[in-house]
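Residue-level structure breakdown
Each chain, written out:
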Amino acid sequence: MSAAPPRAADANWHLTATIAESCSCKISCPCNFGGEPTKNPCEGNRLISINSGHYEGVDLKGVAFLVTFTMRDWSKIYVSDKVSEAQMKAVEALMPIAFAGFHRGMLSFTKAPITMELTESRVRFSGPESSVDMEVMRGFGGQAVKVLNLPNPAYQNYTPYRSVTHTHTAADHPFRYAGTTGFTSTMDVGSR
């Protein structure tokens, strides 16, 4: 890992991002509603694609990263290989203040190629050793199910998905699931 820039006690930061995740929990994952996982340990992949934002003077628009994890145990974080060194350091500095759950137990923090395709009916994303393919859950009239006003700022405009497949193929922590929970949401967080 590179040396992160010093973190001011009151760093000036803000970001809005699209979140896409699939994990090993049954549909719909109770963690997102204040409960505990239906499978312990919970294993998953989360894509965070920043639509706009900054950390101090660094513009974060367009930064994407993939987090592969076993909840409360370990994570591997892959930041898009298209980011600048300043953006990479800014994301690293944001880990403990905006993404604290993934910062704990972090096994790696590296640049890597990330692919993503987000449509209204399907979400696919991948990085080294991990891939996700999930389809939207539909309600009455064939419309996508929407959940509003969840208590966590990372889970707004929440849309449930069902995994077609989601995998991690690393020799040290492999997993493979299908038919488990997934979601997309909007995150809007920052200092003050």
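Here, every reference points to the structure presented above.
Figured I'd write up the structure that's included with this text. Values in this document were obtained by computation on a predicted structure and should not be read as measured data.

**Quick word on helix α1 (residues 85-98)**
With 14 residues, α1 should reach 20 Å at 1.5 Å per residue; the first-to-last C-alpha distance of 19 Å fits that figure. Within α1 the residues assigned to the buried category are Gln-87, Met-88, Ala-90, Val-91, Glu-92, Ala-93, Leu-94, Met-95 and Ala-98.

**Re the packing of aromatic side chains**
One pass over the full model with this rule turns up 5 aromatic pairs. An angle of 50° between the planes, with centres 5.2 Å apart, marks the rings of Phe-69 and Phe-102 as tilted. Note that Phe-69 is positioned in strand β4 (residues 64-70) and Phe-102 in helix α2 (residues 100-103), a separation of 33 residues in sequence. For Phe-102, a relative accessible area of 11% puts it in the buried group.

**Some details on the side chain of Ser-163**
Relative to the assigned elements, Ser-163 resides in strand β10 (residues 156-168). You can call Ser-163 buried: its relative accessible area is 3%. Those residues in contact with Ser-163, other than ones at most four positions away along the chain, are Ser-22, Asp-133, Met-134, Tyr-177, Ala-178, Gly-179 and Thr-180.

**Some details on the pairing of β4**
Along a regular strand, successive side chains alternate from one face of the sheet to the other. In terms of residue burial, β4 counts as a mostly covered element, since 7 of its 7 residues are buried. Residues Ala-64, Leu-66, Thr-68 and Thr-70 point to one face of β4 and Phe-65, Val-67 and Phe-69 to the other, with burial holding for every one of them. The sheet contact formed by strand β2 (residues 43-55) and β4 spans 7 bridges and is antiparallel. Bridge pairing in β4 places Arg-46 opposite Val-67. Connecting the antiparallel pair β4 and strand β5 (residues 74-80) is a turn made up of 3 residues, with Arg-72 showing a positive phi of about 65°.

The rules behind each value
- Residues numbered from 1 in each chain as written.
- Predicted model: local features only at pLDDT ≥ 70, side-chain atom pairs only at ≥ 80, totals over all residues.
- Heavy atoms only, no water.
- Helix = DSSP H or I, 4+ residues; strand = E, 2+ residues; numbered from the N terminus.
- Expected span 1.5 Å × (residues − 1).
- Buried < 20%, exposed > 50% of the residue type's maximum accessible area, 1.4 Å probe, protein only.
- Phe/Tyr/Trp six-rings, centres within 6.5 Å; stacked < 30°, edge-to-face > 60°.
- Contact = heavy atoms within 4.5 Å.
- Pairing = 2+ DSSP bridges.

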